[in-house]
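# Working through the structure, step by step
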Amino acid sequence: MPWSSLILTPLVGLLVLGAGEATAAPGTEVAECLQPASPDYYQFAMVPTGRVPGTGNARGTADVWFPHTPFGVAVSPDGSYRYQFRLRFERLRLPRQGSFVVWVTTTDLDQVEAVGELSDTGAFEGEVGWNKFLVVVTHEDAFDPEAVTWKGPVVVRGMSRSGMMHTMAGHGPFEQEKCSSYGYE
Amino acid sequence: MNDFEAVPRGQGGSRHVGPGRRLTASRGFTLGGALLVWLTAGTADAAGQQMDHAAHRMPAADGAWRMPPMDPNMPMLPGLEMALPPVAPFLAAAGIDIATLPEARPSEVVEMAGGDTLDVDVSIVRRTLNGHEMAMYGYNGQYPGPLIQAPQGSTVVVRVTNSIESPTTVHWHGVRLDNAFDGVPGLTQAPIEVGETFVYDVKVPDAGMFWYHPHVREDVQQDLGLYGNLLVTPPDPEYFGPAHREEVLVLDDILMDEAGAIPWGEEAPTHALMGRFGTVMLVNGETDHGLDVRPGEVVRFYMTNVANTRTFNVTFGEARVKLVGSDVGRYERETWVESVVIAPAERYVVDVQFPEEGPVVIANSIQAVNHFRGEFYPHVDTLAVVTVGGDPAGASMAAGYDDLRENSAVVEELNPLRAHANREPDYTLETTVRVNGLPLPIVVSMEIDTLYVPPMEWNDAMPMMNWLSTGDQVTWILREADTGRENGDIAWTFDEGDLVKIRVFNDPDSFHPMNHPIHVHGQRFVVLARDGMDNDNLVWKDTAIVPVGSTMDILVEMSNPGDWMLHCHIAEHLHAGMMFDFTVRPAA
């Protein structure tokens, strides 16, 4: 089966993972063989802000992997990685009104894209083309693919593993270095 | 058989490094010395250490160690200012007047029929790169070596004479030839000593673009220019789609500074952590490769990556790029791609149409890593320039360019292999690394750095640390998951005709994980799946990249009896142990 059709496979049942406040539909598990294996190393947590009722105890994970490519590693012409990601949650109560909209953004928030909304099982699968990125889920009136940024409260957010590649200035062997010499304030 | 080193390893201490020069232990690196320097580094003038690394450069005399060039925005790692790799520096033809060496010339095409013999002399040549005259190596004095063309199914004879200063062999990469001619010293043949000759019977059962290179200290000999292509032509003239012409793009890089090539490690490779990234890009051995084409022309590029460690992301400007083939023949289906990611030793065949007049830059376009700032940044190197102009190309060859062909014969051959996709692998290999005796500042920095490891290393983001790590301090490991056996202790035996599923997992939790291009000698394989995703477009391969954290399932067709190697094709990783051999018993 081509991978493109896998992406379009309904993600129902992905979150039959827990009790509590989850609202997963029963009996709709997707066959395991259809799910790519996200390298654990590049998974990251989706952390609730507690600003939206019913979501404070949510536990979320973003699985990250490369979409199919002939080359084994998916990059764009500028060399940025192209990632597929999948969100899955436990104990996430979906809103009675409005929608949980998924956004991807660069870590300095200078580029923001609305990429979709959580399914009625609280799942999502999408793509991102930045080496460092945030995934943000907000509570909006509705999903608007043209929206330039969110208006509603942030429900959960997570940062790509690459966000841990922080500056060495002031750390370890560079502890005695003058950070200002390297462009830092 | 675990020792493929043809050059004896030294024992440290005072070493002769060339006429009239000695590198003494006092200038070599010691762990205690590094620690002392590091602990006192806080008293140094930090501002003086940054941006200007010239103060730390070693003398530029030929044959002495010089620190490799660093990004001026990257600070020197405190404690390593005077550190040197604990091996002797090596440059080709040390002590010989370069002016007396024959000047190398561009590659020539050698069309061979079955039974023909080609004499190849492996010799020292004079090359000029970036304005520097250097002693390098060449096959028949050419860069790259002769482009050998032979018809599929034939056997050609190549008589190789060693006229360089150390033993060598020739490995016919990707070719399913008879085991005795695979070119692996200590496994399939004795090294060709200086002045000796070895005759290779090169049987070429598969169509496609292959290449040849030494299997003795590739990190040195291959880097010095010993590589060439072998194009095996299929009997079907429409094997690939129509194209106006065919061109070869041999991608390479070489590590140089303003004084010339940075020396290589004599007893063991330097740059054992990440491999030796070059600072000067080479296409077909040239720094300024160019090509003139006509508007509308469809050019078939046979791309080969012969670099020690660099994976390229090759772009062709705005031109459309059609991927038609890889290591060992055609894909099931042709596809459009935006760029070509090509790891060391891989080959890709692309058809590119250049519709508009004007220059088109073939570039390596990456997001490099600045470890100090913890940032990615765009980096583009021009590899070649295609100048589009003149009368439009004939339309007939371009007529089918918009179409993507499905190769029914390939589908018929490869599709049945998908039945193996959903079964458990026969063997699982994990990649990891062990280090011993690396300078403490390097260890500390790398421990911090491994909070995040990118899937691929596109650039040398830690050139000083990388340079100081040698094959004596770093052991790259292929570990069999079931038995825990590592590298040369792995013992696999198969029967001719076996289809063996091997899973390779690039463990991201090792000390310094890195992408690895895995190469299987003498056989061909398909990549069945990556990270659990089935491959929907199969092609025969002999080398495939495994990014950090990724899992790759390959199905190897054990079709060729003999003793063969499986190894990482980053030259420095190979010589840091990342290899083993396996046996294929002939069918009864």
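These numbers come from a predicted model, not from an experiment. (Residues numbered from 1 in each chain as written. Chains lettered and ligands numbered in written order. Predicted model: local features only at pLDDT ≥ 70, side-chain atom pairs only at ≥ 80, totals over all residues. Heavy atoms only, no water.)

## Section: the overall build of chain A
When helices and strands are counted, chain A shows 1 helix and 8 strands. Counting from the amino terminus, chain A carries its helices and strands in the arrangement α-β-β-β-β-β-β-β-β. A buried classification covers 49% of the 185 residues belonging to chain A. Here the analysis covers contacts within chain A between residues at least 6 apart in sequence; of these, 65% occur between residues at least 24 apart. With the model as given, the accessible surface of chain A reaches about 8700 Å², and the carbon-plus-sulfur share is 50%. (Helix = DSSP H or I, 4+ residues; strand = E, 2+ residues; numbered from the N terminus. Buried < 20%, exposed > 50% of the residue type's maximum accessible area, 1.4 Å probe, protein only. Contact = heavy atoms within 4.5 Å. Areas by Shrake-Rupley, 256 points an atom, 1.4 Å probe, with all protein chains shown as cover.)

## So, the nonpolar core
Among the nonpolar cores identified, the biggest contains 77 residues, and Leu87(A), Phe301(B), Phe316(B) and Val340(B) are the most heavily contacted of them. Not counting residues within four places of it along the chain, the set of residues in contact with Leu87(A) comprises Met46(A), Thr61(A), Ala62(A), Val102(A), Leu118(A), Gly122(A), Ala123(A), Phe124(A), Val135(A) and Val137(A). If you look at the next biggest cluster of nonpolar residues, it comprises 61 residues, including Ala83(B), Trp476(B), Val520(B) and Met552(B). (Core = buried A, V, L, I, M, F, W, Y, C linked by side-chain atoms within 4.5 Å.)

## Section: the pairing of strand S15 (residues 245-254) of chain B
Residues and elements named next belong to chain B. Taken across its 10 residues, S15 has 7 buried, putting it largely inside the fold. Across 7 bridges, the pairing between S15 and strand S21 (residues 297-305) is parallel. Across the sheet, the residue bridging to Arg245 is Val299, located in S21. As paired elements, S15 and strand S19 (residues 280-283) share 4 bridges and run antiparallel to each other. Bridge assignment links Ile254 to a residue of S19, and that residue is Val280. (Pairing = 2+ DSSP bridges.)

## Topic: the packing of aromatic side chains
Within this structure, the stated rule accounts for 26 aromatic pairs over all chains. With 6.0 Å between their ring centres and 65° between their planes, Trp172(B) and Tyr200(B) make a pair best called edge-to-face. Separated by 28 residues along the polypeptide, Trp172(B) in strand S11 (residues 171-173) and Tyr200(B) in strand S12 (residues 197-203) bring together distant segments of the chain. Classification of Tyr200(B) as buried rests on a relative accessible area of 0%. Aromatic ring contacts, followed pair by pair, group Phe44(A), Phe66(A), Tyr81(A), Tyr83(A) and Phe133(A) into a single cluster. Over the ring of Trp336(B) we find Arg320(B), and its NZ or CZ is 4.4 Å from the ring centre. Its end group placed over the ring of Trp540(B), Arg524(B) keeps NZ or CZ at 4.0 Å from the ring centre. (Phe/Tyr/Trp six-rings, centres within 6.5 Å; stacked < 30°, edge-to-face > 60°. Lys NZ or Arg CZ within 6 Å of the ring centre and 35° of its normal.)

## Looking at the pattern of salt bridges
Residue and element names in this part refer to chain B. According to the stated counting rule, one finds 35 salt bridges over all chains in the structure shown. Of the charged contacts, one joins Glu247 and Arg245 as a salt bridge, the two residues approaching to 3.1 Å between their closest N and O atoms. Accessibility expressed as a relative area gives 21% for Glu247, which makes it partly exposed. Its salt-bridge partner being Glu346, residue Lys541 comes within 2.7 Å of it at the nearest N-O pair. On the criterion of sequence distance, the pair formed by Lys541 in the loop between strand S35 (533-534) and strand S36 (543-546) and Glu346 in the loop between strand S25 (340-342) and strand S26 (347-354) is long-range, its members being 195 residues apart. (Salt bridge = Lys/Arg side-chain N within 4 Å of Asp/Glu carboxyl O.)

## Remarks on empty space enclosed by the protein
Residues and elements named next belong to chain B. Within the structure shown, the criterion is met by 8 cavities of 30 Å³ or more. Put simply, the largest cavity is a space of about 260 Å³. Elements with a minimum of two residues in the lining of the largest cavity: strand S34 (524-530) and S35. Top element by residues in the lining of the largest cavity is S34. It accounts for 4 residues. A breakdown of the residues in the lining of the largest cavity according to their chemical character gives 14 nonpolar, 7 polar and 5 charged. (1 Å grid on protein atoms, 1.4 Å probe; cavity = no way out; pocket = protein on both sides within 12 Å on 5 of 7 lines; lining within 4 Å. Points joined across faces, edges and corners; volume = space filled by probe spheres on them. Nonpolar A, V, L, I, M, F, W, Y, C, P; charged D, E, K, R; others polar.)

## Points about the sheet that holds strand S1 (residues 44-48) of chain A
Residues and elements named next belong to chain A. Spatial strand order, S5-S4-S7-S8-S1-S2-S3-S6: 8 strands in an open sheet with antiparallel pairing. Of all the strands in the sheet, the pair left with one neighbour each is strand S5 (112-117) and strand S6 (124-128). Strand-to-strand twist in this sheet, taken as the mean axis angle between neighbours without regard to direction, amounts to 25°. One ladder, built from 7 bridges, connects strand S2 (residues 59-65) with strand S3 (residues 83-90); its direction is antiparallel. Bridge assignment links Thr61 to a residue of S3, and that residue is Arg88. (Axes fitted to C-alpha atoms, helices over the stretch in contact; angles between N-to-C directions.)

## Considering the environment of Ala409(B)
Looking at the element boundaries, Ala409(B) is found in helix H5 (residues 408-414). In sequence terms Ala409(B) and Arg330(B) are 79 residues apart; their C-alpha atoms lie 9.8 Å from each other.

## Some details on the sheet that holds strand S22 (residues 312-316) of chain B
Residues and elements named next belong to chain B. A sheet is described by the order of its strands in space; here 5 strands give the open sequence S20-S28-S27-S22-S25, paired in mixed fashion. Strands at the two margins of the open sheet, each flanked by one partner only, are strand S20 (289-293) and S25. Shown here is a sheet whose adjacent strand axes are inclined to one another by a mean of 30°, direction ignored. The pairing of S20 with strand S28 (residues 375-388) spans 5 bridges and is classified as parallel.

## Some words on the confidence of the model for chain B
Mean pLDDT over chain B: 88, with 89% of residues reaching 70 or higher. Under the prediction, the complex receives an ipTM of 0.87, its pTM being 0.88. (pLDDT = per-residue confidence, 0-100.)

## Examining a nonpolar patch on the surface
On the surface, a cluster of nonpolar side chains totalling about 230 Å² of accessible area is made up of Met159(A), Met164(A) and Leu451(B). Within the secondary structure layout, Met164(A) lies in the segment after strand S8 (154-159). Assessed through its relative accessible area of 33%, Met164(A) is described here as partly exposed. (Patch = residues over 30% accessible without salt bridge, like charges linked within 9 Å, V, L, I, M, F, W, Y side chains within 5 Å.)

## Structural notes on the environment of Met514(B)
As for its placement among the helices and strands, Met514(B) is situated in the loop between strand S32 (499-506) and strand S33 (516-520). As a C-alpha pair, Met514(B) and Leu555(B) span 41 residues in sequence and 23 Å in three-dimensional space.

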